[in-house]
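So the chains spell out like this:
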Amino acid sequence: MTNKQSATLLEQLNRIISEGRNPHTMDIDVLPTIEILEKINQEDAGVADAVRKTIPHIAKAVDAIVPSLQAGGRLIYMGAGTSGRLGILDAVECRPTFSVPESMVIGIIAGGDQAIKNAVEGAEDDTVMGVADLKAIDFCANDVLVGLSASGRTPYVIEAMKYANSLNAATISVTCNPESPMMHVAAIGICAVVGAECITGSTRMKSGTAQKLILNMLSTASMIRLGKTYENLMVDVNATNQKLKARATRIVMQATDCSEEQADTALQAANNRAKLAILMILTGQSATEAEAQLADNGGFLRRAVQSHS
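Residues numbered from 1 in each chain as written. Predicted model: local features only at pLDDT ≥ 70, side-chain atom pairs only at ≥ 80, totals over all residues. Heavy atoms only, no water.

Some thoughts on the overall build of the protein chain
Working step 1: On a plain count of helices and strands, the protein chain comes out with 14 helices and five strands.
Working step 2: Structurally, the protein chain occupies a C-alpha span of about 75 × 50 × 35 Å along its principal axes.
Working step 3: Looking at the protein chain as a whole, 47% of its 309 residues are labelled buried.
Working step 4: At a minimum sequence separation of 6, the contacts of the protein chain that also span at least 24 residues come to 64%. (Helix = DSSP H or I, 4+ residues; strand = E, 2+ residues; numbered from the N terminus. Buried < 20%, exposed > 50% of the residue type's maximum accessible area, 1.4 Å probe, protein only. Contact = heavy atoms within 4.5 Å.)

Laid out in structure tokens, this is it:
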């Protein structure tokens with residue numbers, strides 16, 4: 001890095017809210033353990049409110065994601081460091097929770113899979129790789145790109161978002177700094193202003209928590225809109241282990257007020273698909289009949305139940 005580049009970066013960091021010094025924690029290095037924890041907790045308490053203020057923008061993002069997924073597109077999260085890891089976490093957890101294909105929600109991190117566990121020096125500044133990583137998954141206009149960066153200035157993500165824009169794909173930014181470059185590049189900008197961190201620049205803390213909350217909202221609301229829940233039950237849970245099989249049984253019992261034996265019998269006939277088992281119990285249909293009715297109602301269980309009554 002040249003002296004000029006270094007000076008420019010320092011100037012940028014000086015303007016970034018999440019890189020500022022927090023006046024409430026200047027003495028954190030001399031406090032006893034319990035007071036350190038109280039300070040951290042006090043700072044964390046404001047994160048949910050900062051996210052609440054962004055809900056109108058999160059709603060716009062969900063309303064862009066849902067039609068893309070319905071049309072066969074994908075939800076792609078992209079970030080560096082903590083932001084990239086959070087995107088991967090949300091993507092991976094969509095699969096067992098909502099029984100979506102691995103290809104529907106994808107997390108990409110600067111530096112590749114090795115960066116999940118170990119920092120890859122310079123990866124976040126690699127603009128060429130940002131575009132290359134999208135091309136490697138055949139990113140197209142039907143897909144949605146969610147760029148993640150606490151600072152909102154990560155070059156790897158910004159260049160990828162520009163590429164996505166050139167394809168007329170939907171682009172969404174999730175940052176913690178207003179007026180950041182990513183906010184201007186994205187079609188939809190989500191910015192939770194959580195302020196300076198307890199430890200200056202440690203954006204895995206409040207900024208990371210805000211990003212995690214927003215990702216929870218983006219994916220969960222999108223899956224609800226796609227018919228992946230019934231009331232507040234995750235009826236599309238993928239029962240791939242003993243715990244999830246027990247959860248599927250419990251979900252069927254909660255949705256229908258049936259006995260454990262009835263739930264297990266229905267699940268067996270439904271090939272462990274809780275949504276189908278619930279419809280069978282509530283309507284008295286066979287698995288074949290219930291599956292056809294679900295299909296007629298776009299996979300929405302509540303609609304299928306109502307259309308039978």
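Considerations on the pairing of strand S5 (residues 188–191)
Within a regular strand, the side chains alternate between the two sheet faces.
Working step 1: Side chains Ile188 and Ile190 project from S5 onto one buried face, and the interleaved Gly189 and Cys191 project onto a second face that is buried too.
Working step 2: Where strand S4 (residues 170–175) meets S5, four bridges bridge the pair, whose relative direction is parallel. The partner of Ile172 across the bridge, within S5, is Ile188. (Pairing = 2+ DSSP bridges.)

Quick look at the pattern of salt bridges
Working step 1: Throughout the structure, instances matching the rule amount to 10 salt bridges.
Working step 2: The salt bridge partner of Glu291 is Arg273, with a shortest N-O separation of 2.8 Å. Of this pair, Glu291 sits in helix H13 (residues 287–296) while Arg273 sits in the loop between helix H11 (260–269) and helix H12 (274–283), and the two are 18 residues apart along the sequence.
Working step 3: Beyond isolated ion pairs, a larger network of salt bridges with shared partners links Asp49, Arg52 and Lys53. (Salt bridge = Lys/Arg side-chain N within 4 Å of Asp/Glu carboxyl O.)

Details of the sheet that holds strand S3 (residues 144–148)
Working step 1: The strand order S2-S1-S3-S4-S5 describes an open sheet built from five strands, whose pairing is parallel. If you trace the sheet from one side to the other, it starts and ends with strand S2 (105–109) and S5, each paired once. Strand-to-strand twist across the sheet, computed as the mean angle between neighbouring axes with direction ignored, equals 20°.
Working step 2: Here strand S1 (residues 75–79) runs beside S3; their pairing, made up of five bridges, is parallel. Bridged to Met78 within S3 is Gly147.
Working step 3: Sheet contacts for helix H4 (residues 55–70): S1, S3, S4 and S5; angle to S5, the most-contacted strand, approximately 135°. (Axes fitted to C-alpha atoms, helices over the stretch in contact; angles between N-to-C directions.)

A word on the UniProt feature "active site" (unreviewed entry) in the protein chain
Working step 1: When the UniProt feature table is mapped onto this chain, "active site" (unreviewed entry) is found at Glu93 and Glu124. A maximum C-alpha distance of 24.2 Å among these annotated residues, which run over 32 residues, shows that they spread across the structure rather than meeting at one spot.
Working step 2: The exposure class assigned to Glu124 is partly exposed, which follows from its relative accessible area of 35%.
Working step 3: Other than its neighbours up to four places away in sequence, Glu124 contacts Ala80, Ala110, Arg153, Thr154, Pro155 and Tyr156. (UniProt positions renumbered as here; feature names shortened; annotations may be inferred.)

A look at the packing of H4 against helix H9 (residues 206–225)
Working step 1: At a minimum axis separation of 9 Å, H4 and H9 run at an interaxial angle of 45°. Between H4 and H9, the angle is such that the two are oblique. In terms of crossing hand, the pair formed by H4 and H9 is right-handed. Note on element contacts: H9 touches H4 through Ile214, Met217, Leu218, Ala221, Ser222 and Arg225, opposite Ile55, Ile58, Ala61, Val62, Asp63, Ile65 and Val66.
Working step 2: Split into classes, the residues belonging to the contact of H4 with H9 amount to 10 nonpolar, one polar and two charged. (Parallel < 35°, antiparallel > 145°, perpendicular 65-115°, else oblique. Left-handed = near helix turned anticlockwise from the far one by under 90°. Nonpolar A, V, L, I, M, F, W, Y, C, P; charged D, E, K, R; others polar.)

What about the packing of aromatic side chains?
Within a pair of aromatic rings, the relevant descriptors are the distance that separates the centres and the angle that separates the planes.
Working step 1: For the structure on display, the rule yields zero aromatic pairs.
Working step 2: If you follow Arg303 out to its NZ or CZ, it ends over the ring of Phe300, 3.8 Å from the centre. (Phe/Tyr/Trp six-rings, centres within 6.5 Å; stacked < 30°, edge-to-face > 60°. Lys NZ or Arg CZ within 6 Å of the ring centre and 35° of its normal.)

A word on the nonpolar core
Working step 1: Judged by nonpolar contacts, the single largest core of 35 residues is most densely connected at Tyr77, Val146 and Leu218.
Working step 2: Residue assignment for this core shows that the elements contributing at least two residues are helix H3 (47–52), H4, S1, helix H5 (81–98), S3, S4, S5 and H9.
Working step 3: Per-element accounting of this core gives the leading share, seven residues, to H4.
Working step 4: Apart from the residues lying within four places of it in its own chain, the contact partners of Leu218 are Ile58, Ala61, Val62, Ile65, Tyr77, Val146, Val174 and Ile190.
Working step 5: Grouped together as the second largest cluster of nonpolar side chains are 26 residues, Tyr230, Ala239, Ala277 and Val305 included. (Core = buried A, V, L, I, M, F, W, Y, C linked by side-chain atoms within 4.5 Å.)

Brief notes about the packing of helix H10 (residues 242–256) against H12
Working step 1: Running from amino to carboxyl end, H10 crosses H12 at an angle of 35°, the nearest separation of the two axes being 9 Å. Of the two possible hands of crossing, H10 and H12 adopt the one that is right-handed. Each of Ala248, Ile251, Val252, Ala255 and Thr256 in H10 lies in contact with H12, whose residues at this interface are Ala274, Ala277, Ile278, Ile281 and Leu282.
Working step 2: Partitioned by chemical class, the residues of the contact of H10 with H12 number nine nonpolar, one polar and no charged.

Remarks on H5
Each full turn of the α-helix corresponds to 3.6 residues, which orients residues three or four apart in the same direction.
Working step 1: Here H5 is 18 residues long and its end C-alpha atoms lie 26 Å apart, about the 26 Å a rise of 1.5 Å per residue gives.
Working step 2: Those residues of H5 that sit buried are Ser83, Gly84, Leu86, Gly87, Ile88, Asp90, Ala91, Cys94 and Phe98.
Working step 3: On its buried side, H5 packs onto S1, S2, S3 and H9.
Working step 4: Looking at the residues trailing H5, positive phi occurs at Ser99, about 55°. (Expected span 1.5 Å × (residues − 1).)

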